[in-house]
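# Reading the structure
Here is how the chains run, residue by residue.
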Amino acid sequence: MIPAEKLERIREYALHMDWNIAFGGRSKGNRHLERTVKIALSLSKWKDVREDIVAAGAWLHDVGLHLGNEGHCFSGARFIQPFLDELDLSQDDTERVTHCIEAHDGEVPAKTLEAKTVHDADTLDKMGPLGFIRHAWKIANITDYDSSSLADEIEKHLPTRLEKIYLPEAKERAVALERELKNLLANRELLVRLTSLVAKGSRTGIPTEEIVAELIRSEFLPESTLDVLREQLDPQ
Ligand SMILES: [Fe+2]
Ligand SMILES: [Fe+2]
């Protein structure tokens, strides 16, 4: 069992890497890791799963992002080793946490229930309207894009995301999220407005949560989308 004080060090380290190092600090204050942990623990509720490994894996899953998006599950799994050594976890716990990181993106199959849970929780935060906004934010940080091709690209990825989900309870949530996203993608005019707003926020260092809060206040999205966004921002 990973003791609470070590989990706290893991949380602090993961947030430091995500807020200050990844994306050159432009994503400071974003709550993706916090939401992933919350979703992962809620998926763990009825299962015989080690919640300490799930929490550690969920906090650390994106620790390789500062080395580039491509292959960040593998670079993160390598990068984290000295930190895990310093924490003096057992060999088995180190391997379990590392596996959650390397399998979170679906590039290698998750072999443990903990890794499946972290993968599904991360995927759920990438899906639905919030997932679309987060993706648009990330891409705008790297390159210029036009809203329409971005929408096409995301639409193409939707079925594969759903297929890769491991846990039936996660799949159920994912289907509902994708239904709402499909409605949103169908309205290209709205999408252009939405993506240009997100791109502007991304380039000026406004985290997605603030952009979404502004969207909720300005009410330019349909009510059903706003409802889903509220739930996604604060998962139970
Ligand atoms: Fe990731
Ligand atoms: Fe992630």
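### A short note on the overall build of the chain
Of the regular secondary structure elements, the chain holds 13 helices and zero strands. Relative to its length of 236 residues, the chain is compact, with a C-alpha radius of gyration of 17 Å against a globular reference of 18 Å. Along the three orthogonal principal directions, the C-alpha set of the chain runs to about 55 × 35 × 30 Å. Counting every position in the chain, which comprises 236 residues, the buried fraction comes to 41%. Long-range contacts, defined as pairs at least 24 residues apart, comprise 68% of the intrachain contacts of the chain with a sequence gap of at least 6.

### Here's the deal with the nonpolar core
If you look at the biggest cluster of nonpolar residues, it comprises 56 residues, and the most contacted ones within it are A40, A56, A58, W59, L60, I101 and I133. With seven residues, helix 3 (residues 51-60) is the largest single contributor of residues to this core. Both of domain 1 (4-114) and domain 2 (127-233) provide at least three residues apiece to this core. Residues within four places of A58 in sequence aside, it is in contact with T36, V37, A40, V118 and A121.

### Structural notes on helix 10 (residues 168-186)
Its 19 residues give helix 10 an end-to-end C-alpha distance of 27 Å, which sits within 8% of 27 Å, the value for a rise of 1.5 Å per residue. All of the buried residues along helix 10 are A170, R173, A174, L177, E180, L181 and L184. Summarising the axial view, the buried residues of helix 10 lie within an arc of 130°, below the 170-degree limit, and thus occupy one face. Exposed residues on helix 10 whose side chains face more than 90 degrees from its buried face are P168, E172, V175, R179, K182 and A186.

### Considering unusual backbone geometry
Positive phi, normally seen in glycine, also occurs at F23, with a value near 55°. Within the element layout of this structure, F23 appears in the loop between helix 1 (4-21) and helix 2 (32-44). Here F23 falls in the buried class, since 21 other C-beta atoms lie within 10 Å of it. Non-glycine residue D88 carries a positive phi angle of around 60°. The residue D88 is located in the loop between helix 5 (81-87) and helix 6 (91-102) in this model.

### Here we look at the environment of S218
Within the secondary structure, S218 is located in helix 12 (residues 208-218). A residue is classified by how many C-beta atoms lie within 10 Å of it, and S218, with 10 of them, is exposed. Put simply, S218 and I21 are 197 residues apart on the chain and 31 Å apart in space, counted from C-alpha to C-alpha.

### Some details on the packing of helix 12 against helix 13 (residues 223-233)
Running from amino to carboxyl end, helix 12 crosses helix 13 at an angle of 145°, the nearest separation of the two axes being 10 Å. At the point where helix 12 passes helix 13, the crossing takes the left-handed sense. The residues of helix 13 that touch helix 12, namely those facing E209, V212, L215 and I216, are L226, L229, R230 and L233. Across the contact of helix 12 with helix 13, the residue classes break down as six nonpolar, no polar and two charged.

### Thoughts on the domain arrangement of the chain
You can read the domains of the chain as domain 1 (4-114) and domain 2 (127-233). If you average the C-alpha positions of domain 1 and of domain 2, the two centres end up 23 Å apart. Across the contact, ten residues belong to domain 1 and ten residues belong to domain 2. Residues that form the side of domain 1 that touches domain 2 fall into these classes: three nonpolar, four polar and three charged.

### Thoughts on the packing of helix 3 against helix 6
The geometry of helix 3 relative to helix 6 is characterised by a closest axis approach of 8 Å and an angle of 45° between their N-to-C directions. Classified by the angle their axes make, helix 3 and helix 6 are oblique. Here helix 3 and helix 6 pass one another in a crossing that is right-handed. For the pair helix 3 and helix 6, the contacting residues are I53, A56, G57 and L60 in the first and D93, R96, V97, C100 and I101 in the second. Here the residues of the contact of helix 3 with helix 6 sort into six nonpolar, one polar and two charged.

What counts and what doesn't
- Residues numbered from 1 in each chain as written.
- Chains lettered and ligands numbered in written order.
- Predicted model: local features only at pLDDT ≥ 70, side-chain atom pairs only at ≥ 80, totals over all residues.
- Helix = DSSP H or I, 4+ residues; strand = E, 2+ residues; numbered from the N terminus.
- Rg over C-alpha atoms; globule rule 2.2 N^0.38 Å.
- Buried ≥ 20, exposed ≤ 12 C-beta atoms within 10 Å, placed from the backbone.
- Contact = placed C-beta atoms within 7 Å.
- Core = buried A, V, L, I, M, F, W, Y, C linked by C-beta atoms within 7 Å.
- Domains from an automatic or database assignment.
- Expected span 1.5 Å × (residues − 1).
- Arc of directions from axis to C-beta.
- Axes fitted to C-alpha atoms, helices over the stretch in contact; angles between N-to-C directions.
- Left-handed = near helix turned anticlockwise from the far one by under 90°.
- Nonpolar A, V, L, I, M, F, W, Y, C, P; charged D, E, K, R; others polar.
- Parallel < 35°, antiparallel > 145°, perpendicular 65-115°, else oblique.

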